[in-house]
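If you want the building blocks of each chain, they are given just below.
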Amino acid sequence: MRGVRGGAAALSAAFLAGASGLAFESLLVSSSGLALGYGSSAAVGLAVWLSAWAWGAWVLGSRVVDRSTSRVRARVALVGLLLALVGPLAVWTVLQAGDSLAGATVALPLAIVAIAATAFLQGGFLPLLAHQRDSVAGLFGANLFGSLLGAYLIADVSVGALGRMSSAWIAAGTALVAGAIAVASITKDASEPSSDSASAARALVARPLELRAACWIIGLTAAWMSAGEWVALRLGVLWLGGMQNALNAVLCASLLALALGAAIVPRVLPRGTRGVVVLIAACAFASLWPFVAAPLLRSSSSASYFVRALILCGPALLPFGAIVPVVHAATGGASDSGERLGRLLLHESWGALLGIPLVHFLVVPHFGLWAAIATGLAFALLSLVPLAAQRNLRRDVFVAASAVLAACALCGYETQRPNLARASPPLSNPALSVLSLRDDRDFTVAVVDDGILGERTLLTDGFRAAGTGRDYRYMEALGHLPLLLHPAPKRVAVLALGTGTTLGAVAQHLEVARIDVLEISVAVVEAAPYFVEKNHGALSEGLPGLFDEHDDRARVVVMLGDGRATLARARATYDVITMEPLLPDSPFAVYLYTREFYATARRALKPGGIVCQWVPPHALEPRTFDAVLDAFASSFEWSGAWLSGTQVLLIGSERAPELSPARFTSVAGPLHDALSGLGLSNAGDVAARWCGSLEKIAGTTRSLRDADPWIVFSPRRAGADLLTDLPRNLERLFDLPHDLPASWMRELDAAAAQRIEGVRALRRARAAQAWVEAELRGVPGPASAASDLEGWLGRARADLFGDPELVRFDDEMAFLDDVRRGVSGLASAKGLHDATQALDALLAAKEKRPERGDVDLYVAAALERTGDEVHAKKALAQALQRCPRIALTSEGARARSLGLSDAAWARAIARAIEWSAMPLQ
């Protein structure tokens, strides 16, 4: 009975140790980007953690501890105690290295030492627990199940609710309890295995696997498994999205698969060394799972993130969970189990240092995600080499090697077909034609033509980062506005390149002598030629020194790497920093919206410098929107908000910026035209776009800091309710103090006051229109929204005649009205007269948006309904030219329901099939 209790206690200790270990690993690795630079930090941090963990397992499990009960108990208690103290200190150290020490040489080694110290201690738990056990499968399974708990409850739920440091102390308490339970689990002297256990071991393994061969296998399979986990993470971002809930689902699904593998697979394998051979072959075929997972993922699109993540990576990783338990059991003999385990785990250190950096830095950027799978299969072949030395295994090894080679052949065959990345929802959208697709260290970057919307778009990991459509016009204002507010902008930093629209705007200001583009992804830079109309070829100005920051001849220089880290090294360098990172509540971009980041940006400014930051009110829940504004407002002596369309541009500086009419007197040519199109052609227009001071925002919400990036962990709403975010956030801006700074008022004429009132009316009209759109989709809003829209729009038209934003807003509403009248009219048409009226509305919409393929298709259906077959064929041809697979879209299905003929539909289907069979250009 005491043995049963001891076994249960050991499993409980392993479970809690796994929970604390994964929690500390997640806290440290996710924070390490602040010091190491995001992009490489995940690979470097994970490699350091796994390597140090393996060294800790070796030192604490096989070299330091003698095997007496008292010594083992003392050692495991000390590990738990030290981990409870060192873990939180390490998290604090990594956060400080990324903040107060950012840019200093010591920051990187300090962060690495903090990660390694925690991992080293964490590695001691399993070997110490294994000192009394011949089989470690149960311990490994319990440890991995505990990791699942730590990944979810501590590294996700707790961080979102309490912040990083509080969560670190929870992990510390968990480690302390794990150590205490581990002490209780050690109930007999482990100095010598019992005769029963020794005989059991000999019965289990007739000819034990040599320890040297076992260590070789452990190292290579660790490298192999890390490559597979990296592929799973990258594919998870594409299939599930790059937000925290999706990433955590992939992590938890991976841990569950490994835990099940450790608990189940050893029971079904042949005993001894032959089981190792069979397991390697099984892992080889499991590695091919990503090639066949797409249909299951598509059919489960309505399932939870976790279920889809489990479908994506579960079968691929499950057998890998059994590698250490099976190899450990195969070494057999009467030697101490904990000592053997420690020696085996030591070799996971070089496996981790080989696999993750190799895949991240070399294989994926140069050869793609699928080369990572092939690399893993190469490791599989190498792991079989020492097994071939045993005569009784040569046939088995030959069969296993043949299986691995067959898997390699299948891998090579599958790479000739659309892969799982290409089949992911963002890239398989039938509205899109993929022009280029490339994996680099940080993103899967695609350039696509959207045939429905009629625009070219840049996708980073499936997210629409930027494009040529009307919705991205604010990116030009992001470049122009801060330069107009600075008296003499000579050196400018543009953080996040995207399509280069903001860069192109900055480059039009000839007084700017140097522009540094801070971009993390080389694939994004390489995609810039697809968007020359937006970036005006600005990147070519930097040649030949495009990537050489010390080239004095270059006006534009791309500084590849983490933008925050680059700014941390640039003290008092820039007159203007303007930026548009990814969404604030995304796991990595959030650190470009925290108070610590803005402190870094301030230090990179020259006296009187300006920071300009984009905030998307349509994509953030109100409390997240408030938190982002609060972090900005709390970081600058003076801060204000502008609106470009519906997008918020924040300006921060040490004092109110200048707004001088003299800045506009010399503006001419393309720059004048660009500013006029944005409504920024004079000082009055710039003042009119101002929403107000952010002073009342500061301190109104939970602070957004590096140690508490809580907005990332907040549950996101879904469905039509999201449509209410834009009007609510716009209305939040109406509460800002909007009295213009006195220095501005002195520079403005009487006409400017009228424009200011007109723009304010336009903003309220936009908010009312957003409520009307939400109501059309079934989300209730203010009962007065429709009348408010009409009233505010009337005021705006009276005060803003010819204003470009008003013209675009009127045009957009007219287009939506035309399309809706045309589609609904065609759906209810009972005769030629009704169909003709619907056609007129659709032709009006086509005149406003000639680039849109869906409107062409609706026009084709309407023309057929009116009997004009000739023009109907032309309209259909235009629709298919713009969107070859339009028949597979929801717009295509709608056109079919509106009366598109069988012949036209057959033609559309044939074109979709033909286009789908074409290789990626």
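Residues numbered from 1 in each chain as written. Predicted model: local features only at pLDDT ≥ 70, side-chain atom pairs only at ≥ 80, totals over all residues. Heavy atoms only, no water.

A. Structural context of the overall build of the protein chain. When helices and strands are counted, the protein chain shows 39 helices and 12 strands. Taking 921 residues into account, the globule formula puts the C-alpha radius of gyration at 29 Å, and the protein chain, at 31 Å, falls close to it. In the protein chain, which comprises 921 residues, the proportion classed as buried is 59%. Just so you have it, the protein chain exposes about 35,200 Å², and 59% of that area is on carbon and sulfur atoms. Positive and negative side-chain charges of the protein chain, numbering 82 and 82 respectively, have mean locations separated by a distance of 8 Å. (Helix = DSSP H or I, 4+ residues; strand = E, 2+ residues; numbered from the N terminus. Rg over C-alpha atoms; globule rule 2.2 N^0.38 Å. Buried < 20%, exposed > 50% of the residue type's maximum accessible area, 1.4 Å probe, protein only. Areas by Shrake-Rupley, 256 points an atom, 1.4 Å probe, with all protein chains shown as cover. Lys, Arg positive; Asp, Glu negative; His and termini not counted. Charge placed at Lys NZ, Arg CZ, Asp CG, Glu CD.)

B. Examining the state of the cysteines more closely. A full pass over the atoms with the stated rule returns 0 disulfides. Its sulfur unpaired, Cys 691 is 13 Å from the next cysteine sulfur, which belongs to Cys 612. (Disulfide = S-S within 2.5 Å.)

C. Fine view of the pairing of strand β4 (residues 463-467). Here 4 bridges tie strand β3 (residues 455-460) to β4, and the two strands are oriented antiparallel to one another. Counted as the bridge partner of Leu 458 is Ala 466 from β4. Two successive antiparallel strands, β3 and β4, enclose a turn made up of 2 residues, where Asp 461 displays a positive phi of approximately 50°. (Pairing = 2+ DSSP bridges.)

D. Structural view of unusual backbone geometry. Despite not being glycine, Asp 461 shows a phi value in the positive range, around 50°. Following the sequence through the fold, Asp 461 ends up in the loop between β3 and β4. Assessed through its relative accessible area of 14%, Asp 461 is described here as buried. Within the chain, His 536 stands out as a residue other than glycine whose phi angle is a positive 55°. Relative to the assigned elements, His 536 resides in the loop between α23 (532-535) and β7 (556-560).

E. How the structure looks around the sheet that holds β4. With antiparallel pairing, the 4 strands of this open sheet are ordered in space as β1-β2-β3-β4. This sheet does not close on itself; its edge strands, each paired only once, are β1 (432-439) and β4. Pairs of neighbouring strands in the sheet enclose a mean axial angle of 25°, with direction left out of account. As judged from the 7 bridges shared by β1 and strand β2 (residues 444-450), these two strands associate in the antiparallel manner. In the strand pairing of β2, Ser 433 is matched with Asp 449. (Axes fitted to C-alpha atoms, helices over the stretch in contact; angles between N-to-C directions.)

F. Structural detail: the sheet that holds strand β11 (residues 647-653). Taking strand neighbours across the sheet as the criterion, the 8 strands line up as β7-β6-β5-β8-β9-β11-β10-β12 in an open arrangement whose pairing is mixed. Looking at strand neighbours, the two that pair on one side only are β7 and β12 (690-693), the edges of this open sheet. The mean inter-strand angle of the sheet, taken between neighbouring strand axes irrespective of direction, is 20°. Bridge analysis of strand β9 (residues 605-615) against β11 gives 5 bridges, and the strand direction is antiparallel. Bridging across to β11, Val 611 finds its partner in Gly 652.

G. Summary view of the nonpolar core. Among the nonpolar cores identified, the biggest contains 267 residues, and Ile 577 and Trp 642 are the most heavily contacted of them. For this core, the leading source of residues is helix α9 (residues 211-240), giving 18 residues. Once residues lying within four places of it in the same chain are set aside, the contact partners of Trp 642 are Leu 481, Leu 485, Gln 647, Val 648, Leu 649, Ile 651, Val 686, Arg 689, Trp 690, Cys 691 and Trp 744. In this structure, Ala 431, Ile 886, Leu 900 and Ala 904 belong to the second largest nonpolar core, which totals 34 residues. (Core = buried A, V, L, I, M, F, W, Y, C linked by side-chain atoms within 4.5 Å. Contact = heavy atoms within 4.5 Å.)

H. The arrangement of the packing of aromatic side chains in detail. Applying the stated criterion across every chain, the model contains 16 aromatic pairs. Within the aromatic cluster, the residues linked to one another by ring pairs are Phe 597, Tyr 598, Phe 632 and Phe 636. Residue placement shows Arg 795 over the ring face of Trp 792; its charged tip is 4.5 Å from the ring centre. The cationic tip of Arg 849 hangs over the ring face of Phe 815; the distance from NZ or CZ to the ring centre is 4.9 Å. (Phe/Tyr/Trp six-rings, centres within 6.5 Å; stacked < 30°, edge-to-face > 60°. Lys NZ or Arg CZ within 6 Å of the ring centre and 35° of its normal.)

I. Spotlight on the packing of helix α20 (residues 474-485) against helix α28 (residues 669-678). Interhelical geometry of α20 versus α28 gives an angle of 105° and a closest axis separation of 11 Å. In terms of orientation, α20 and α28 fall into the roughly perpendicular class. From α20, Glu 476, Ala 477, His 480 and Leu 484 reach across to α28, where they touch Leu 671, Ala 674, Leu 675 and Leu 678. Among the residues forming the contact of α20 with α28, the class breakdown is 6 nonpolar, 1 polar and 1 charged. (Parallel < 35°, antiparallel > 145°, perpendicular 65-115°, else oblique. Nonpolar A, V, L, I, M, F, W, Y, C, P; charged D, E, K, R; others polar.)

J. Quick look at helix α11 (residues 273-286). Taking 1.5 Å of rise per residue, the 14 residues of α11 would be expected to cover 20 Å, and the 20 Å separating its terminal C-alpha atoms lies within 8% of that figure. Within α11, 10 of the 14 residues are buried, leaving the element largely enclosed by the surrounding structure. Of the positions making up α11, those classed as buried are Thr 273, Gly 275, Val 276, Val 277, Leu 279, Ile 280, Ala 281, Cys 283, Ala 284 and Ala 286. (Expected span 1.5 Å × (residues − 1).)

K. Fine view of the pattern of salt bridges. Per the counting criterion, the structure on display carries 32 salt bridges. Between Arg 564 and Asp 706 there is a salt bridge, with its nearest N and O atoms 2.6 Å apart. In this pair, Arg 564 sits in helix α24 (residues 563-568) while Asp 706 sits in the loop between β12 and α30 (725-734), placing the two residues 142 residues apart along the sequence. Asp 706 matches Arg 564 in its accessibility class, with the two residues each being buried. Measuring nitrogen to oxygen at the nearest pair gives 2.3 Å for the salt bridge that ties Asp 856 to Arg 882. Of this pair, Asp 856 sits in helix α36 (residues 853-865) while Arg 882 is found in helix α37 (residues 869-882), placing the two residues 26 residues apart along the sequence. Taken together, the shared-partner salt bridges connect Asp 817, Asp 818, Arg 821 and Lys 848 into one network. (Salt bridge = Lys/Arg side-chain N within 4 Å of Asp/Glu carboxyl O.)

L. Main features of the packing of helix α32 (residues 750-776) against helix α33 (residues 785-799). Their axes nearest at 8 Å, the elements α32 and α33 cross at an angle of 155°. Our classification of the angle between α32 and α33 gives roughly antiparallel. As α32 packs across α33, the resulting crossing turns out to be left-handed. Residues Gln 754, Arg 755, Glu 757, Gly 758, Ala 761, Leu 762, Arg 764, Ala 765, Ala 768, Gln 769, Trp 771 and Val 772 of α32 pack against Ala 785, Ala 786, Asp 788, Leu 789, Trp 792, Leu 793, Arg 795, Ala 796, Ala 798 and Asp 799 of α33. When grouped by side-chain class, the residues that make up the contact of α32 with α33 number 13 nonpolar, 3 polar and 6 charged. (Left-handed = near helix turned anticlockwise from the far one by under 90°.)

M. Main features of the environment of Val 44. Along the polypeptide, Val 44 turns up in helix α2 (residues 41-63). Note: C-alpha distance between Val 44 and Ala 90 (46 residues apart in sequence) is 16 Å. Setting aside its immediate chain neighbours within four residues, Val 44 contacts Leu 36 and Phe 361.

N. Spotlight on a nonpolar patch on the surface. Together, Leu 78, Leu 81, Leu 82, Leu 85 and Leu 176 line one region of the surface with nonpolar side chains, adding up to about 410 Å² of accessible area. For the nonpolar patch, the leading source of residues is helix α3 (residues 69-97), giving 4 residues. As for its position among the elements, Leu 82 is in helix α3. (Patch = residues over 30% accessible without salt bridge, like charges linked within 9 Å, V, L, I, M, F, W, Y side chains within 5 Å.)

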